[in-house]
Amino acid sequence: MPDAQPELPWLGRPHTVSAPRRRSPAAVIGVCLGAVAVLVLGLVAIVALNRGETPSANANFRDTPSSQDVPSQPQPGGAGAPASASSLPSETSAPSATGPQKILKLADHPILQDPNAGLQNRVCTLPTWQSTQAGAEAFFTAASKCLDAAWGPFLSAYGLPFTPPALHFPTGASFETECGTIQVGIATAAYYCENNLYVPFRGLQTDQYGNNPGVYLALFAHEYGHHVQEVAGLMDAAWQKIYEAGQNSPAGLEMSRRKELQAQCFSGMFLGAHVDQGGTISRDMYNKAWNDQETRGDNTSRSHDHGTNAHYASWWRAGATSNRIADCNTFAAPSSEVS
């Protein structure tokens, strides 16, 4: 949101008027002409000041983003180097009379068009990971605040209707969602459905991953990536294509993979933008998340709707390395890169 506009400065100060002395007619005319000139100049100054007052926005965003306002961006260092602060998106969707609306597009979605747009480098402070129900809840609650702060301004700058997802921490062997009953297992360490993000502690496999908060954070950021898709309209547009093709058809499964691999890329963007920024997302957390991506995907789950382990890792790393949302346009990628 733009900062509040400062008050306009006074153009002059009140002053007392002493009793006038007698002046000649010429002097009086001269004084009158001078007063008129002062009034004219004053009006010009007021108009100029009013025209010059434009609201400035926080976090490098404006209400009406313009590519002319984009600062030059330093190139990221090597693989895994955090990217520079995000630039301005080049266009927005016009809010309707009822408020901002989703944009149901895929490869040509506005948020995917600016090659320089990414998340701001920010500080994210998380509690120390503890492999308990209460410890996980505290960790993910704090992480959600960091994700809100990262994605909220970015999406709002495009006129999209951002609201944070509701968090849930199921404790049973299954849990109910608007998408149906979900069984907790290896495939449901976290789950997203209709603006709700579920993190069942049993699904995190802490006996296997132990004290590796980077792994859990990347997984959580992936599910939050689905919320980014939901708010933007990408999720609805993708599901329209899936339903049209058939959920288990080759085309439907490919669209599902494109959707999942984009969430992977969004997860990488988040960690890449926050590592080594002075918070608790350390290089060690980042590196372990980087390496863990190779263990996830359809090769591990024996499914065909998320992408191979190699592609699961490559799209996450693309987002983490560049922190550029245009690099997450899985909907424009050739089929060979989303298999």
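Located above this text is the structure these notes cover.
Residues numbered from 1 in each chain as written. Predicted model: local features only at pLDDT ≥ 70, side-chain atom pairs only at ≥ 80, totals over all residues. Heavy atoms only, no water.

Take helix H5 (residues 234–245) next. Given a rise of 1.5 Å per residue, 12 residues ought to cover 16 Å, and the 17 Å separating the end C-alpha atoms of H5 matches this to within 8%. Listing the buried residues of H5 in full gives Leu-234, Met-235, Ala-237, Ala-238 and Ile-242. Each buried residue of H5 sits inside an arc of 170° when the element is viewed along its axis, so together they form one side. Exposed side chains of H5 directed beyond 90 degrees from the buried face belong to Tyr-243 and Glu-244. (Helix = DSSP H or I, 4+ residues; strand = E, 2+ residues; numbered from the N terminus. Expected span 1.5 Å × (residues − 1). Buried < 20%, exposed > 50% of the residue type's maximum accessible area, 1.4 Å probe, protein only. Arc of directions from axis to C-beta.)

As a further point, take the pairing of strand E3 (residues 180–183). As defined by bridge partners, strand E2 (residues 174–177) adjoins E3 across 4 bridges and the pair is classed as antiparallel. What sits directly across from Glu-176, in E3, is Thr-181. Hairpin geometry of E2 and E3 is characterised by an intervening segment of 2 residues between the two adjacent antiparallel strands. (Pairing = 2+ DSSP bridges.)

It is worth spelling out the nonpolar core at this point. In terms of nonpolar packing, the biggest core is built from 71 residues, with Phe-140, Trp-151 and Phe-270 touching the most fellow members. Elements represented by at least two residues in this core include exactly helix H2 (133–156), helix H4 (213–232), H5, helix H6 (250–274), helix H7 (283–292) and helix H9 (309–322). The contact partners of Phe-270, leaving out residues within four places of it in the chain, are Leu-119, Cys-146, Leu-147, Ala-150, Leu-217, Ala-221 and Ile-281. The next biggest cluster of nonpolar side chains, apart from the first, holds 5 residues, and it includes Phe-175, Tyr-191, Cys-193 and Tyr-198. (Core = buried A, V, L, I, M, F, W, Y, C linked by side-chain atoms within 4.5 Å. Contact = heavy atoms within 4.5 Å.)

With that settled, consider empty space enclosed by the protein. Vacant regions in the atomic arrangement are exposed by a probe of water-molecule size rolled over the atoms. Applying the stated criterion to the full structure yields 2 cavities of 30 Å³ or more. In this structure, the second largest cavity encloses a volume near 30 Å³. Lining the second largest cavity are Ala-189, Gly-203, Leu-204, Gln-205, Tyr-209, Val-215, Tyr-216, Leu-219 and Arg-296. Examining the composition of the lining of the second largest cavity, we find that 3 residues originate from one element, H4, more than from any other. Here the lining of the second largest cavity is built from residues that sort into 6 nonpolar, 2 polar and 1 charged. (1 Å grid on protein atoms, 1.4 Å probe; cavity = no way out; pocket = protein on both sides within 12 Å on 5 of 7 lines; lining within 4 Å. Points joined across faces, edges and corners; volume = space filled by probe spheres on them. Nonpolar A, V, L, I, M, F, W, Y, C, P; charged D, E, K, R; others polar.)

Looking now at H7. When H7 is considered as a whole, its buried residues turn out to be Met-285, Tyr-286, Ala-289, Trp-290 and Asp-292. Seen from one end, H7 has its buried residues packed into an arc of 170°, which puts them on one side. The inward-facing, buried residues of H7 abut helix H3 (206–209), H4, H6 and H9.

So, about the pattern of salt bridges. A pair can form between side chains of opposite charge whenever their charged atoms are brought close. A complete count under the given rule lists 8 salt bridges for this structure. Where Glu-254 meets Arg-258, a salt bridge forms, and the shortest distance between an N and an O atom there is 2.7 Å. Within this pair, Glu-254 and its partner Arg-258 are both found in helix H6, separated by 4 residues, close to a single helical turn. Close ionic contact of Lys-288 with Asp-284 constitutes a salt bridge, the shortest N to O distance being 3.4 Å. With Lys-288 and Asp-284 both in helix H7 and 4 residues apart, this pair spans about one turn of that helix. In this structure Asp-284 comes out as partly exposed when scored by relative accessible area, which is 44%. Taken together, the shared-partner salt bridges connect Lys-102, Glu-230 and Asp-236 into one network. (Salt bridge = Lys/Arg side-chain N within 4 Å of Asp/Glu carboxyl O.)

Bringing the packing of H4 against H6 into the picture now. In the contact formed by H4 and H6, the axes pass within 7 Å of each other and the chain directions differ by 120°. Classified by the interaxial angle, the pair formed by H4 and H6 is oblique. Relative to H6, H4 is oriented so that their crossing is right-handed. Residue-level contacts link Gly-214, Leu-217, Ala-218, Ala-221, His-222, Gly-225, His-226, Val-228 and Gln-229 of H4 to Lys-259, Glu-260, Gln-262, Ala-263, Gln-264, Phe-266, Ser-267, Phe-270 and Leu-271 of H6. (Axes fitted to C-alpha atoms, helices over the stretch in contact; angles between N-to-C directions. Parallel < 35°, antiparallel > 145°, perpendicular 65-115°, else oblique. Left-handed = near helix turned anticlockwise from the far one by under 90°.)

Moving on to the environment of Ala-173. Note on placement: Ala-173 falls in the loop between strand E1 (166–168) and E2. Taking the relative accessible area as the measure of exposure, Ala-173 reaches 46% and is therefore partly exposed. When the C-alpha atoms of Ala-173 and Arg-202 are compared, they prove to be 7.8 Å apart, with 29 residues separating the residues in sequence. Leaving out residues up to four positions away in the same chain, Ala-173 has contacts with Ile-182, Gln-183, Val-184 and Arg-202.

For Glu-194, which is not a glycine, the phi torsion comes out positive at approximately 50°. Examined against the element boundaries, Glu-194 turns out to sit in the loop between strand E4 (191–193) and strand E5 (196–198). You can call Glu-194 partly exposed: its relative accessible area is 39%. Positive phi outside glycine occurs at Asp-276, with the angle close to 60°. Structurally, Asp-276 can be placed in the loop between H6 and H7. Asp-276 sits in the partly exposed class, given a relative accessible area of 44%.

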